[in-house]
Amino acid sequence: KERLFVLDSVSENLTSKRGQLQKELSDFQDQFEKAKAHRDRIISEHAKVRDTTSTFLPEHFQLQSEHAQRSRELEQMKRERELLQWDQQKVNRDLAMLAASYDGTCGTLLPVG
């Protein structure tokens, strides 16, 4: 009877441990499935971001190139405008000097012809 009792006790202990292991395995499987689903979502989101980026970047670089070109053109136009203003100032100064010189000698000029 004692052997039977020990056998029943060991059997009960094994059954209890088996149940505990089955529960832990079930918990682990649930955790694994959740992690797998999360990984799949992340991979899907990453693919979407990669696709969006691959369509966005060429347009972005094109706009960057256009901006750089227009900035260079703007700087060139500014320089040309400054040069024209400087030339205009010189012409105006020369005209003013010429007019002043004529004003002072207007009475001494001889008529032509």
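1. Regarding the overall build of the protein chain
Part 1 of the argument: Helix and strand counts for the protein chain stand at one helix and zero strands.
Part 2 of the argument: Relative to the compact-globule value of 13 Å for 113 residues, the protein chain shows a C-alpha radius of gyration of 47 Å, a clear excess of over 25%.
Part 3 of the argument: Going through the 113 residues of the protein chain one by one, you find that 0% of them count as buried.
Part 4 of the argument: Accessible area of the protein chain: about 11,200 Å², with a carbon and sulfur share of 59%.
Part 5 of the argument: Side chains of the protein chain carry 18 positive and 19 negative charges; the gap between the two charge centres is 6 Å.

2. Regarding the environment of Ala-96
Part 1 of the argument: Residue position: Ala-96 is located in helix 1 (residues 2–105).
Part 2 of the argument: When the C-alpha positions of Ala-96 and Asp-8 are compared, they lie 125 Å apart, and in sequence the two are 88 residues distant.

3. Re the pattern of salt bridges
Part 1 of the argument: Taken as a whole and assessed by the stated rule, the structure comprises six salt bridges.
Part 2 of the argument: With a closest N to O distance of 3.8 Å, Lys-78 and Glu-75 form a salt bridge. One end of the pair is Lys-78 and the other is Glu-75, both in helix 1 and three residues apart, which spans about a single turn.

4. Let's talk about a nonpolar patch on the surface
Part 1 of the argument: Judged by side-chain polarity, Phe-5, Val-6, Val-10 and Leu-14 come together as a nonpolar surface patch covering roughly 410 Å² of accessible area.
Part 2 of the argument: For Val-10, the position within the fold is in helix 1.

About the cut-offs
- Residues numbered from 1 in each chain as written.
- Predicted model: local features only at pLDDT ≥ 70, side-chain atom pairs only at ≥ 80, totals over all residues.
- Heavy atoms only, no water.
- Helix = DSSP H or I, 4+ residues; strand = E, 2+ residues; numbered from the N terminus.
- Rg over C-alpha atoms; globule rule 2.2 N^0.38 Å.
- Buried < 20%, exposed > 50% of the residue type's maximum accessible area, 1.4 Å probe, protein only.
- Areas by Shrake-Rupley, 256 points an atom, 1.4 Å probe, with all protein chains shown as cover.
- Lys, Arg positive; Asp, Glu negative; His and termini not counted.
- Charge placed at Lys NZ, Arg CZ, Asp CG, Glu CD.
- Salt bridge = Lys/Arg side-chain N within 4 Å of Asp/Glu carboxyl O.
- Patch = residues over 30% accessible without salt bridge, like charges linked within 9 Å, V, L, I, M, F, W, Y side chains within 5 Å.

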